[in-house]
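# Analysis of the macromolecular model
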Amino acid sequence: MTSDAEFEVTASEQTALPVLRVRGEIDVASAPEFHARLSDLAGRGPEVIMVDLSEVSFIDSTGLGVLVGAVGDMRARGGDLRLVVTQPQIIKLLELTGLDEVFTVMSDASDAVRS
Amino acid sequence: MTSPMSVPGSVGAHGLSRVELSLPADPQMLFLARMAAAAVATRAELSYEQVEDLRLAIDELCVALLDSRSGAGQIALLFQWDAEGTLDVVGTLVPDGDPSPSTNGKAPERTGPPLSYELSQRILDALVDDHGADAIGGVHRAWLRMRRQELSV
C-alpha cells in the first residue's frame, strides 16, 4: 500500500464552474500530479475553479503550496480558486497557516457553485 | 525552533520507550513514516487530535530531509517518549556513499519551493513544542518535541 494508491484526481467541466475533485492524501509524492492536473484545468482559461477537498484525508505543506501557487495565478488574471473543505483536520491546517484568510473556503460544493 | 545544538537526547530515564524506523528517502515511502507516527502517538497516549498533529509534523520533518538529499539514501527515525508524555523524534538522512560536504552545524538549505518551506515552518511552529534541523559532517538531521496535552474535564 502506498499513499499514491489512494490518491485520485478527477476534473469535471460539465457545469459553468470547473471542479477538480481530489481523493486520498496530498503529500510530496502526490503533489506533482495534483499540480499537473490543476495547471491543466487552469490552462483552459476558466474564470473560477473549484477544488473539492472533501474526500482528502491528509494534506501537507507541499499540497498547500500547490494550492497557494494556483490561487495566485488565477487571481493574477482576474479569476479565483475556491476550496470545498469538510475534514476538520484540514480546516484546522488552513487556520493555523493563515490560509483560511487567503482562500474562499466552503463546506459544501453547491455553495461554491452558487456564489 | 531550537538552536542546532539543542537536539533532544533522552526524554528521561524512567519509563522511556523507543522505536526506530528506517525507510528509503523516497517520497513514495513517506506514508510509512506517517503510519509509524500515528502508532507511536497512540502508544504514547496522545489525544486523537495530537495523533493527527504528529502525523503531519513527521511528514513535514521527512519532507525537510528529502529536500536536503542529493542522492539515494535512507531516512532513519528515532521516536522516544516517556511516561510523562514527552515525545521526541529525531530524523536523520543517511546517504548512500559519502555524505555531502559539511555545513558546520548550520540548518541545511532546502531545495524545495520556498513557499512550501515557509508553510512547513508555520505548520511545525503551530503543532509541536519545539523543532529544528542541522547538518554536521554532511549528515542532515531534523527533530521535534511534542508534549502530551492533558484533556480538561
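Everything in this summary refers to the structure shown in the same document. (Residues numbered from 1 in each chain as written. Chains lettered and ligands numbered in written order. Predicted model: local features only at pLDDT ≥ 70, side-chain atom pairs only at ≥ 80, totals over all residues.)

## Describing the overall build of chain A
From N to C terminus, chain A includes five helices and five strands. Helices and strands appear in chain A in the N-to-C order α-β-β-α-β-α-β-α-β-α. Its C-alpha atoms give chain A a radius of gyration of 13 Å, near enough to 13 Å, the size a compact globule of 115 residues would have. Its C-alpha atoms put chain A at 40 × 25 × 25 Å along the principal axes. Within chain A, buried positions represent 39% of all 115 residues. (Helix = DSSP H or I, 4+ residues; strand = E, 2+ residues; numbered from the N terminus. Rg over C-alpha atoms; globule rule 2.2 N^0.38 Å. Buried ≥ 20, exposed ≤ 12 C-beta atoms within 10 Å, placed from the backbone.)

## Regarding the sheet that holds strand S4 (residues 80-84) of chain A
Residues and elements named next belong to chain A. Ordered in space as S1-S2-S3-S4-S5, the five strands form an open sheet in which the pairing is mixed. Each edge of the open sheet carries a strand with a single partner, namely strand S1 (8-12) and strand S5 (104-106). Strand-to-strand twist of the sheet, defined as the mean angle between neighbouring strand axes without regard to direction, takes the value 20 degrees. Pairing of strand S2 (residues 19-26) with strand S3 (residues 48-59) involves seven bridges; the strand directions are parallel. (Pairing = 2+ DSSP bridges. Axes fitted to C-alpha atoms, helices over the stretch in contact; angles between N-to-C directions.)

## Digging into the interface of chain A and chain B
The partner chain B presents 18 residues to the 16 residues of chain A that form the contact. Elements with a minimum of two residues in the side of chain A that touches chain B: helix H1 (3-6), helix H3 (61-76) and helix H4 (88-97) of chain A. Top contributing element to the side of chain A that touches chain B by residue count: H3(A), with six residues. Of the residues contributing to the side of chain A that touches chain B, the split by class is five nonpolar, eight polar and three charged. (Contact = placed C-beta atoms within 7 Å. Nonpolar A, V, L, I, M, F, W, Y, C, P; charged D, E, K, R; others polar.)

## Observations regarding the nonpolar core
Of all hydrophobic cores here, the largest spans 69 residues; its most connected members are Val51(A), Ala57(B), Leu61(B), Cys62(B) and Leu65(B). It is helix H2 (residues 48-67) of chain B that provides the largest number of residues to this core, a total of ten residues. Dropping the residues within four chain positions of it, Leu65(B) is found in contact with Ala25(B), Ile75(B), Gly91(B), Leu93(B), His140(B) and Ala142(B). (Core = buried A, V, L, I, M, F, W, Y, C linked by C-beta atoms within 7 Å.)

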